[in-house]
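# Coordinates in review
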Amino acid sequence: MAILFVASAIYATIANQRKERPSSPAASITKSNTLTAAAPISSAQPSVRDCQSADISCISERNREIIERNKYVMAGGEGQMLPLSMIPIPPVQTFEVAKIPKAAYRASPRTPQTAIRSSPATVDTAEKQPKPAPTTGDMQPRRHRNAIAPFTVRTESGQNYLIKLVNVDNAKDQIWIYVKGGESYSTKMPLGTYNFRAATGNEWYGREDLFGPNTGFFRLRTKNGATVDAQQSLEFKKERDRIFGMTISLKGVVNGNIEQEAMTRSEFDAN
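Values in this document were obtained by computation on a predicted structure and should not be read as measured data.

## Considerations on the nonpolar core
With 24 residues, the main nonpolar core has Phe151, Ile163, Leu165, Phe196, Leu234 and Ile248 as its most contacted residues. Every residue in contact with isoleucine 248, bar those within four places of it in the chain, is listed here: Phe95, Phe151, Thr152, Val153, Arg154, Phe196, Leu220 and Leu234. Core analysis: the second largest hydrophobic core is formed by ten residues, Ala199, Leu210, Phe211 and Phe268 among them.

Okay, structure coming up:
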């Protein structure tokens, strides 16, 4: 009995000491590691437009909208983040003629040539009357049926244009296009490299006399600062599954990337 009484007294003393002992800091910390969701953003989700696969301008704007949308989602907004769209390489190269005075490229319609460079007799349209102008489009049937590359010519009102495209590998391969001033014409070209020649004027006198005595003739040349001496060829090609075409704007702009170079009637007619 005495031993049991002593053990009970010791147990009671230890229990009292535990009650009086201050709790440790760790024991007094309240669990606070519960994650709480951020309050949803009240603003509307940024919209993202749909674009055609070749519309570079639209795709660029779409990417800007995607960036704004992804910022919205990362800040707690609803929806899923979107990947940026790839901007395709332009399948059509555009050349714009630099704005220069007409006198800089106007040539005599049939300037007399030496015997080495024979040319038809000088045009005399004094007794000839203008003819109805052709409609914008091809002037003659095409030799090729595999025309797959896009080609567009844009003009400004005023002058009309007779365009002659000559294949650099086969001069007999020629495409003739008439474009009324202020109109554009789009067609398909066979693959290959072509030189661009043009006759321009107001009244049409037919395939022989073209636009009469005031016909102007020019070709295109590259523009490289003050040095301009290379003829600009038009290359229509296919790389893998991509077809590359060409657009020529003859409207004349201040910062054009090509220029017009005068040529004679004989040079225009040459194969």
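## Considering the pairing of strand β8 (residues 216-222)
Burial within β8 is extensive, with six of its seven residues counted as buried. By the bridge criterion, four bridges tie strand β7 (residues 192-201) to β8 in an arrangement that is antiparallel. Note that in β8 the partner of alanine 199 across the bridge is phenylalanine 217. The pairing of β8 with strand β11 (residues 258-262) spans five bridges and is antiparallel. Paired with arginine 221 across the bridge in β11 is glutamate 259.

## What to know about the pattern of salt bridges
The tally for this structure, following the rule as stated, stands at nine salt bridges. A salt bridge links glutamate 261 to arginine 219, with the nearest nitrogen and oxygen atoms 3.0 Å apart. On the criterion of sequence distance, the pair formed by glutamate 261 in strand β11 and arginine 219 in strand β8 is long-range, its members being 42 residues apart. Given a relative accessible area of 22%, glutamate 261 falls into the partly exposed group. A salt bridge links glutamate 259 to arginine 221, with the shortest nitrogen-to-oxygen separation between them at 3.4 Å. Residue glutamate 259 is located in strand β11, and its partner arginine 221 is located in strand β8; the two are separated by 38 residues in the primary sequence. Relative accessible area serves as the criterion here: at 13%, glutamate 259 is assigned to the buried category. Salt bridges sharing partners connect three or more residues here, namely Arg219, Arg221, Glu259 and Glu261.

About the thresholds
- Residues numbered from 1 in each chain as written.
- Predicted model: local features only at pLDDT ≥ 70, side-chain atom pairs only at ≥ 80, totals over all residues.
- Heavy atoms only, no water.
- Core = buried A, V, L, I, M, F, W, Y, C linked by side-chain atoms within 4.5 Å.
- Buried < 20%, exposed > 50% of the residue type's maximum accessible area, 1.4 Å probe, protein only.
- Contact = heavy atoms within 4.5 Å.
- Helix = DSSP H or I, 4+ residues; strand = E, 2+ residues; numbered from the N terminus.
- Pairing = 2+ DSSP bridges.
- Salt bridge = Lys/Arg side-chain N within 4 Å of Asp/Glu carboxyl O.

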